[in-house]
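Residues per chain, in single letters:
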Amino acid sequence: MNTLRLRLLPMVVLACAACTGTLFSTARAAEGRRLVSIDCTADLPPDQYFGHGAVRVVDSPIGRYREAEGRPLSRFGYRFKIEHIGKPHLLVIRYPDDKRRFMCVMDGTTYDTTTGVFTDFAQPLSGKMLEIREVFWPRWNDCSVVMMTWSNGEPAAAAQIEVFELDELPPLDLPSAKGAGPLRQFGIQYEDPCGRCDSEGAINSQEWLDRITAYARYSGQNLLTYPIVWYHGPFYPSQREPSGDFGTIVGRDRKQYGRWTTHPADWVAPILDRFGREDMSFQGALTLLRLGSLMKRMNIDLESIKAGKDTINNMLASNNVQAGTQDWTPLYNVLNFQAKVEGRLSGWAYGEKDGQPYPARPIFNPLHPVVQEAVLGLVQEIADRYGRYPAFKGISLNMWHGTILWYAALDTGYDDYTVGLFEKETGIALGVDPKAPDRFSQRHAILTGPHREKWIAWRCGKIHELFGRIRDIMVRARPDLRVTVSLWTETTMPKLVGMPNSPAQQLCARPRTVDLYRQGGFDVNLFRDDPGIEIDYVFVPERDRDGWGTAGVDTPLESMCMFRDHDFLDSDTLATLAGGRRPGALIFNSWVEAWGNHKWFACDPGDTQAATLADMDGTPAEGMFRMNSEYPKDDFWWDSQLRITPPFPAGVHFLEYFAHAVAELDACRVTSGGLFLDTAHADAMQRFARAYRALPAEKFQTVGDRTDPVAVRTLVHGARRYVYLVNRDYYPVAVQVNLASPAGQATDLATGQKVDAPAQWALTLGPYELRTYALTESVGVAGFQAHPPEAIVHQLKAETDAALAAVQRLRAAGKPLPPGAETLAEGLSKAIQEGRLAWVRRALTSYGIRKSLQQAPEEKPAAK
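## Structural notes on the overall build of the protein
Part 1: A tally of regular secondary structure across the protein gives 21 helices and 37 strands.
Part 2: Over its C-alpha atoms the protein spans a radius of gyration of 27 Å, differing by no more than 12% from the 29 Å that the globule rule assigns to 864 residues.
Part 3: For the C-alpha atoms alone, the extent of the protein along its principal axes is close to 75 × 70 × 65 Å.
Part 4: Buried positions account for 64% of the 864 residues belonging to the protein.
Part 5: Counting contacts in the protein only where the partners sit at least 6 residues apart, residues at least 24 apart contribute 81% of the total.
Part 6: As displayed, the protein has an accessible area near 30,400 Å², and 51% of this comes from carbon and sulfur atoms.
Part 7: Taking the 95 positively charged and 103 negatively charged side chains of the protein as two groups, their mean positions are separated by 2 Å.

Structure (structure tokens):
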């Protein structure tokens, strides 16, 4: 009974929203020339269609569609012709949003048309046909599109597929993209730099640059944050550190290749030169897990360290020395590649170690002078090399579990140098024998016991000093350069608290995210007023939906709530981040991977294509190899395959995190991305960009004492009063803004048009909509009232009553409440009274409340 209610209530809520007409319109803008139209319910011959698994045609209340089996990797697909390779095309897929789904879309070989969609669970269903509208550049005339089920019980489905050839991708018209002082930036951020030439239809770096630039301008994005230093060091030709560039390439005959070199070309400078002409910005991302100069100097001889020899590696509370990151990254050093291809790889470059007794922690001690000299020297090289380009805006430092700019956890950092410095600077003598072989664990016991707070504060202060020195290098090169620090939860939290698969990882059971970062040496509060250092919080919309597996409907709640709950309900972390000078957000498009039997192997001696690709981009490769993933035969037309897909929330819910970043953080910059360019959401991106990019890149003042379900903020800047309103949720909200005096008219910054702005200014915000306006400087904003639909209010109150009753029945039965249930129940009672309905909806889909509904005894019928 409780489980049934849990699954049905979101449907009831959505029924109210659907009748208001708030979903994305399916009316099509100009789409160019239609080349292909496929009715997915029709039977087609095997040269045009294939299906794997129990694929069927479904007659439903919203229309007919074809549906794959609800079993992982069941799929169906279509083959079609295009005329002009390399021209922009639009792929339109109509699919049903009528039940829980997790669908991967791909061409089967490359990332050129790869996207994905998930429905239900925390996002109410629309009960309508929705569309995927994806821009792509075909690299061959004979094309395919495949719809694949990712996880159990979440079948892929499609009703219609169309393909249009476009003449061009015109830049988005932004009436207010120029303003007094810097405006907010909206952009693309990559975590992985390996896919330039197996995505966007590109076969070389120039094609890739042309296409991401064209799409960025078309979708309204003006910032690219891209790795220039990745897992093992620089991807550009560094004079300080061993460099290495590599990536995958898909040739015209669908063969997949890997290409690498230790002498990369400077591909960053052409991007900066191009972006300078295109009025775009570039920020270099650094995932500093290792540097070659440090790997050459690391001392992991534990006995020598115990005997007193210095090490730049981290010493652990377990009396061990950290000798590796303990993750998936060691392979991706080009020094490993030849041995890997030849099947003789027996260890990692520089002697890095895997397995016990090493936790997932940084290899190197961030306070050791040798480590700091290497890091600061690298930053200086980047500033000297690229600071002269106007398009270069600075660097973005990714804070992972293995980043060598912090300790990551309290079990790390007990070496002789660091503890000696602590004793010297604080005057606290630990009294531990400096020659004792177990001195590291002794220090840990004392420093996390009697001196815990002083130890944490001291480490955070030293790390803060290090980031200040990094910032100083950048601003000496150019005063407007910035250092962005990205708090990357998707990689870091599972390494610190364990994979989300138990109650211990849930909201209120584990420490707040900001507290975990502070324990590791990074205190967000220390950076609150630092000019030139800006902090981005990394939101993860997708990861809970796969739980790092394919169990789908059988995935336990313990694996499906952690990221979303902390993204929306960790109020202390969000408030701390919002208190910064210029907070930002990265919306990370995590992905799922079905590698099959993945192989690297040597190219054939007569492979002329390999020789051609090896010489592309003006720098001959040192090595080329073939790669492929083998899967069971299923009548797909081609052997060469990649099945790696980022899934996105369906329909209007794509913009949920964008609205959240603005409403919760007042984010001064927003980026999104992951492995490759998301080209399936241009319409939503354009709507957001028109309004968002018109705002000054400064913190605004919040109007009133509520930001839920609508936040209203204002700022006087450059002789204008700016006002923005953002709806946190998927239903329309009527708003009345009370102006201190009638403005007469305001400028809608998204359109440039004048609108009436009387003293009681009435507007209606659509789903997750951001509106931005400019008024006369003298016009004040006295307050506002938000009026969500009564049907939504009624339904959320009913759901809240059901949740609170379930918690009460657990208490009455003497059963322990799930983690977070007590706090969330108290919050629900207060939030429903105050009308904070967006928070209510997220709390109702939280682990603590859903688990309470699952575990609560059945409600006893009333006595007659």
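## Things to note about the state of the cysteines
Part 1: Going through the model one piece at a time under the given rule, you end up with zero disulfides.
Part 2: Lacking any disulfide linkage, Cys-197 is separated from the closest cysteine sulfur, that of Cys-194, by 11 Å.
Part 3: The exposure class assigned to Cys-197 is buried, which follows from its relative accessible area of 4%.

## Things to note about unusual backbone geometry
Part 1: Note that the residue after Gln-356, namely Pro-357, is joined by a cis bond; omega there is 5 degrees.
Part 2: As for its placement among the helices and strands, Pro-357 is situated in the loop between α6 (337-341) and α7 (369-386).
Part 3: Backbone torsion omega between Asp-708 and Pro-709 reads 5 degrees, so that peptide bond is classified as cis.
Part 4: Relative to the helices and strands, Pro-709 is located in the loop between β29 (701-702) and β30 (710-717).
Part 5: For Glu-200, which is not a glycine, the phi torsion comes out positive at approximately 55 degrees.

## Some thoughts on empty space enclosed by the protein
To find the voids left in a structure, one rolls a probe of water-molecule size over its atoms.
Part 1: This structure, assessed with the given rule, holds twelve cavities of 30 Å³ or more.
Part 2: It is strand β21 (residues 533-539) that provides the largest number of residues to the lining of the second largest cavity, a total of five residues.

## Structural notes on the side chain of Asp-198
Part 1: Within the secondary structure, Asp-198 sits in the loop between β13 (185-189) and α2 (205-219).
Part 2: Comment: no salt bridge for buried Asp-198; closest opposite-charge side chain is Arg-139, at 6.2 Å.
Part 3: Setting aside residues no more than four positions away along its own chain, Asp-198 makes contact with Thr-110, Tyr-111, Asp-112, Arg-139, Thr-248, Val-250 and Leu-642.

## Section: helix α17 (residues 682-692)
Part 1: Taken across its eleven residues, α17 has eight buried, putting it largely inside the fold.
Part 2: Along α17, the residues classified as buried are Ala-682, Ala-684, Met-685, Gln-686, Phe-688, Ala-689, Ala-691 and Tyr-692.
Part 3: Buried residues along α17 sit in contact with β13, α2, α16 (656-665), β28 (669-673) and β36 (770-776).

## Here's the deal with the environment of Lys-178
Part 1: Considering the arrangement of structural elements, one finds Lys-178 in the loop between β12 (160-165) and β13.
Part 2: The class for Lys-178 is exposed, based on a relative accessible area of 65%.
Part 3: For the pair Lys-178 and Ala-504, spaced 326 residues apart in sequence, the C-alpha to C-alpha distance is 48 Å.
Part 4: Apart from residues no more than four positions distant in its own chain, Lys-178 is found in contact with Leu-183 and Asp-279.

Definitions and cut-offs
The residue numbering used here restarts from 1 in each chain and proceeds along that chain's sequence as written. Local features in a predicted model are, by the rule used here, given only for residues with pLDDT of at least 70; side-chain atom pairs are given and counted only at 80 or more, and totals for whole chains, interfaces and linings are based on all residues. Only hydrogens and water are set aside when side-chain values are computed; all heavy atoms of the structure are taken into account. Runs of H or I in DSSP of at least four residues are treated as helices and runs of E of at least two as strands, each being numbered from the N terminus. Only C-alpha atoms enter the radius of gyration, while the globule expectation follows 2.2 Å times N to the 0.38, with N the number of residues. Only protein chains enter the accessibility calculation, which uses a 1.4 Å probe; a residue is then buried when its area is under 20% of its type maximum, exposed when over 50%, and partly exposed in between. Here, residues are in contact when the closest pair of their heavy atoms is within 4.5 Å. To measure how exposed things are, a 1.4 Å probe is used in the Shrake-Rupley method; for residues, cover is taken only from the protein chains shown. When charges are counted, Lys and Arg contribute as positive and Asp and Glu as negative, whereas His and the chain ends are disregarded. Where a charge sits is defined by one atom per residue type, namely NZ (Lys), CZ (Arg), CG (Asp) or CD (Glu). Pairs of cysteine sulfur atoms within 2.5 Å are identified as disulfides in what follows. Detection works on a 1 Å grid of protein atoms alone, calling trapped sets that fit a 1.4 Å probe cavities and calling open sets with protein on both sides within 12 Å along at least five of seven lines pockets, with lining residues defined by an atom within 4 Å of a point. Grid points are joined across faces, edges and corners, and a volume is the space filled by probe spheres set on the points. By definition, a salt bridge exists where a carboxyl oxygen of Asp or Glu is found within 4 Å of a side-chain nitrogen of Lys or Arg.

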